[in-house]
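Survey of secondary and tertiary structure
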Amino acid sequence: MIPLEWMPPLMFGGLIVFMLIGFPVAFSLMAAGLFFSLIAISEGFFGMAFLQAIPQRIFGSVLANDLLLAIPFFTFMGAILERCGLAEEMLDSMGQLFGRVRGGLGYSVIIVGFILGAITGTVAAQVIAMAMISLPVMMRYGYNMRYATGVLAASGTITQLVPPSLVLIVLADQLKTQSGSADVGSMYLGAWGPSLLQIALFALYTFFLARIRPNDLPPVPESALTLKGWALWKKCLMGIIPSAVLIFLVLGTIMTGIATPTESGAMGAMGAIILAAVHGRLNWAIIRDGMTGTMRITAMVVFILIGSRVFSLVFQGVDGAK
């Protein structure tokens, strides 16, 4: 006989065990929920009829939720921008701009990571692009490997917080389901302060590390800095201005109430296609790869939401919310 008060911690422990075995998060949530539901039914904590609420929760709050339509739009936007050459051009121009100072390549990774995070919303697209482009350059100029890999990984965490983060969309949906008061625009407004603080902390760490251990973050040699003066600023602005316009289309329309998250996501996806065309990279292969990546990430998010519904229902059934 298992006491009722033991069930919530056992469910959390079981969830951790499923994930340690190697199950994906979505299926770990489902498996833990269904496994402990059988135990709860056998112990008499609730009946089989209690599980009939699972389909209603899935269809009512996941599959029929218009807000979640923003996820494939933002994901598609990030997938297109990952392949259109925007990251390469911005990293090259920022590296030329900050290369003369110690830690300049680190500052470039942080700034470009913020810009890419504000126009993609997906971590995978940003980290892969940044690592493939920046890491070989940082290794070539003698940057400490621990710092180089650390700043690249840290730049990916910016995307989790800076709007239009997919995490914030899911969190707003969950809070709205529970309290009925949260919306994506408020979440985006509230996330700007912590996002800028995070960027400032990364930059300050780079600044002090360059002073304490200057050999770990050397400046780029003058011979490698091929752009100077107006040519350099022009290249920087050519990468920043289109990005700023796209950021306004996506975030400004949401936070000013002009468009819903789904509508702004659609505008962002169209803006990403236009940006890819401007860079001369738009072709069927990019569109196809973008749609494939969008389908994969969207399916992952939806299955995580379904698994969380199963887990949370059983958790409430064993008085886990008390």
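Before reading further, recall that the structure is shown in the block above.
Everything numeric here is computed off the predicted structure, so don't read it as measured data.

**Overview of the overall build of the protein chain**
The secondary structure content of the protein chain amounts to 13 helices and zero strands. Along its sequence from the N terminus, the protein chain presents helices and strands in the succession α-α-α-α-α-α-α-α-α-α-α-α-α. Counting only residues that meet the buried cut, the protein chain has 47% of its 322 residues in that class. A fraction of 78% describes how many contacts in the protein chain between residues 6 or more apart in sequence connect residues 24 or more apart. Carbon together with sulfur atoms contributes 72% to the accessible area of the protein chain, which is approximately 15,600 Å² in total.

**Observations regarding the nonpolar core**
Counting 57 residues, the largest nonpolar core has F74, L81, M138, I169 and Y188 as its most contacted members. The dominant element in this core, judged by the number of residues it contributes, is helix α6 (residues 104–120), at nine residues. Counting residues in hydrophobic clusters, the runner-up holds 21 residues, among them L15, L29, A40 and F315.

**Focus on the pattern of salt bridges**
A complete count under the given rule lists two salt bridges for this structure. Where D216 meets R213, a salt bridge forms, and the shortest distance between an N and an O atom there is 2.8 Å. Given a relative accessible area of 44%, R213 falls into the partly exposed group. R288 is paired through a salt bridge with D289; the nearest N and O atoms lie 3.8 Å apart. Its relative accessible area of 42% is what places R288 among the partly exposed residues.

**Describing the packing of aromatic side chains**
For any pair of aromatic rings, geometry is given as the distance between the ring centres together with the angle between the planes. As enumerated under the stated definition, the model contains eleven aromatic pairs in all. An angle of 70° between the planes, with centres 6.1 Å apart, marks the rings of F114 and W192 as edge-to-face. In this pair, F114 is assigned in helix α6 and W192 in helix α10 (residues 184–212), connecting sequence segments 78 residues apart. Taken individually, F114 and W192 each receive the classification buried, so the pair is uniform in this respect. What links up through ring pairs into an aromatic cluster is the set F18, F23, F35 and F36. Sitting above the plane of the Y141 ring, R140 keeps its charged end 5.7 Å from the centroid.

**With respect to the side chain of S264**
Within the element layout of this structure, S264 appears in helix α12 (residues 261–278). Given the relative accessible area of 0%, S264 is considered buried. Setting aside its immediate chain neighbours within four residues, S264 contacts F74, L249, V250, T253, I254 and A259.

**Topic: a nonpolar patch on the surface**
A contiguous nonpolar surface patch, about 550 Å² in accessible area, is contributed by I16, M19, L20, V25, M300 and I304. Secondary structure elements with two or more residues in the nonpolar patch: α1 (7–21) and α13 (284–317). In terms of residue count, the dominant contributor to the nonpolar patch is α1 (three residues). Mapped onto the elements of the fold, I304 is located in helix α13.

**Examining α10**
Under the 1.5 Å per step criterion, the end-to-end length of α10 is 42 Å for 29 residues, consistent within 8% with the ideal 42 Å. Taken residue by residue, α10 has V184, G185, M187, Y188, A191, W192, S195, Q198, I199, T206, L209 and A210 as its buried positions.

Thresholds, definitions, all that
- Residues numbered from 1 in each chain as written.
- Predicted model: local features only at pLDDT ≥ 70, side-chain atom pairs only at ≥ 80, totals over all residues.
- Heavy atoms only, no water.
- Helix = DSSP H or I, 4+ residues; strand = E, 2+ residues; numbered from the N terminus.
- Buried < 20%, exposed > 50% of the residue type's maximum accessible area, 1.4 Å probe, protein only.
- Contact = heavy atoms within 4.5 Å.
- Areas by Shrake-Rupley, 256 points an atom, 1.4 Å probe, with all protein chains shown as cover.
- Core = buried A, V, L, I, M, F, W, Y, C linked by side-chain atoms within 4.5 Å.
- Salt bridge = Lys/Arg side-chain N within 4 Å of Asp/Glu carboxyl O.
- Phe/Tyr/Trp six-rings, centres within 6.5 Å; stacked < 30°, edge-to-face > 60°.
- Lys NZ or Arg CZ within 6 Å of the ring centre and 35° of its normal.
- Patch = residues over 30% accessible without salt bridge, like charges linked within 9 Å, V, L, I, M, F, W, Y side chains within 5 Å.
- Expected span 1.5 Å × (residues − 1).

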